[in-house]
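Analysis of the macromolecular model
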Amino acid sequence: MRSRVRRVVVDARNARGSEYRRVLATIAKKGACPFCPKNFRYHKHSILARRNGWIITRISWPYKNTRYHFLLIGEKHRVTLAQMTARDMAALLYLARHVACQYHIRGGALAMRFGDTRLTGATVVHMHAHLIVPKLCPKKGRALVVEFPIG
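Residues numbered from 1 in each chain as written. Predicted model: local features only at pLDDT ≥ 70, side-chain atom pairs only at ≥ 80, totals over all residues. Heavy atoms only, no water.

Side note on the overall build of the protein
Regarding its fold elements, the protein presents three helices and five strands. Along the chain direction, N to C, the helices and strands of the protein fall in the order α-β-β-β-α-β-α-β. For the protein, the C-alpha atoms occupy an extent of roughly 65 × 35 × 25 Å along the three principal directions. Residues counted as buried form 40% of the 151 residues belonging to the protein. Within the protein, contacts between residues at least 6 apart in sequence are counted, and of these 58% link residues at least 24 apart. With an accessible surface of roughly 9,600 Å², the protein has 54% of that area assigned to carbon and sulfur atoms. Between the mean site of the 29 positive side-chain charges and the mean site of the 6 negative ones, the protein shows a separation of 4 Å. (Helix = DSSP H or I, 4+ residues; strand = E, 2+ residues; numbered from the N terminus. Buried < 20%, exposed > 50% of the residue type's maximum accessible area, 1.4 Å probe, protein only. Contact = heavy atoms within 4.5 Å. Areas by Shrake-Rupley, 256 points an atom, 1.4 Å probe, with all protein chains shown as cover. Lys, Arg positive; Asp, Glu negative; His and termini not counted. Charge placed at Lys NZ, Arg CZ, Asp CG, Glu CD.)

Quick look at helix H2 (residues 86-102)
The end-to-end C-alpha separation of H2 is 24 Å, in line with the 24 Å expected for 17 residues at 1.5 Å each. All of the buried residues in H2 are Asp88, Ala91, Leu92, Leu95, Ala96 and Val99. The buried residues of H2 occupy an angular sector of 130 degrees when projected down its axis, which confines them to one face. What points out from H2, more than 90 degrees from its buried face, is the exposed set Ala86, Arg87, Arg97 and Cys101. Looking at the buried residues of H2, the elements they touch are strand E1 (47-51), strand E2 (54-58), strand E3 (66-74), strand E4 (109-113) and strand E5 (128-134). (Expected span 1.5 Å × (residues − 1). Arc of directions from axis to C-beta.)

Notes on unusual backbone geometry
Within the chain, asparagine 52 stands out as a residue other than glycine whose phi angle is a positive 45 degrees. Tracing the chain through its elements places asparagine 52 in the loop between E1 and E2. Judged by relative accessible area, asparagine 52 falls into the partly exposed class, the value being 38%. Positive phi, close to 75 degrees, is recorded for asparagine 65, a residue that is not glycine. Tracing the sequence through the fold places asparagine 65 in the loop between E2 and E3.

A short note on the side chain of histidine 43
By the element assignment, histidine 43 lies in the loop between helix H1 (18-30) and E1. Among the polar contacts listed, one links the side chain of histidine 43 to the side chain of threonine 57, at a separation of 3.0 Å. Dropping the residues within four chain positions of it, histidine 43 is found in contact with Thr57, Arg58, Ile59, Ser60 and Leu71. (Polar contact = N/O pair within 3.5 Å; in protein donor to acceptor, adjacent residues only side chain to side chain.)

Concerning the packing of aromatic side chains
Here the structure, examined in full by the defined rule, presents five aromatic pairs. With a centroid separation of 5.1 Å and 65 degrees between ring planes, the pair formed by phenylalanine 70 and tyrosine 103 is classed as edge-to-face. Of this pair, phenylalanine 70 sits in strand E3 while tyrosine 103 is found in the loop between H2 and E4, placing the two residues 33 residues apart along the sequence. What makes phenylalanine 70 buried here is its relative accessible area of 0%. Grouped by ring-pair contacts, the aromatic residues Tyr68, Phe70 and Tyr103 constitute a single cluster. The lysine or arginine in question, arginine 16, covers the ring of tyrosine 63, its NZ or CZ lying 5.2 Å from the ring centre. Above the plane of the ring of tyrosine 94 lies arginine 51, whose end atom (NZ or CZ) is 3.8 Å from the centre. (Phe/Tyr/Trp six-rings, centres within 6.5 Å; stacked < 30°, edge-to-face > 60°. Lys NZ or Arg CZ within 6 Å of the ring centre and 35° of its normal.)

All we've got here are geometric facts, nothing functional implied.
In structure tokens, the structure reads:
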């Protein structure tokens, strides 16, 4: 009899906030990737745009000090950079530019984690990127620090 190996899809150790940690615990019990289209029910926001197998949406649990925080998610379950194509990268850039124009974003960061969550600090084992725009400090007129953990 073949033993069934459960695929790790989330890593709650990297979660920020108790609500998000509880949601990840529920997802982990089901063993289904929350970013794959058929399981995309834990997300709180609508999809803003699509392009060649990628979507962009506002993140459900934004990092502290963000004015805007978006997720770019591939519709195919991929984990490593080796699985990415030039078409994937073009879709990511298109969607990031689309939202930057739509929201009149003057500056921010585009960050992507890939692979082993013990190395990346990610909570979901599915290729995705973050488009992050920090809040401005009203007194200094400079961006507040947004911590994007890696590791």
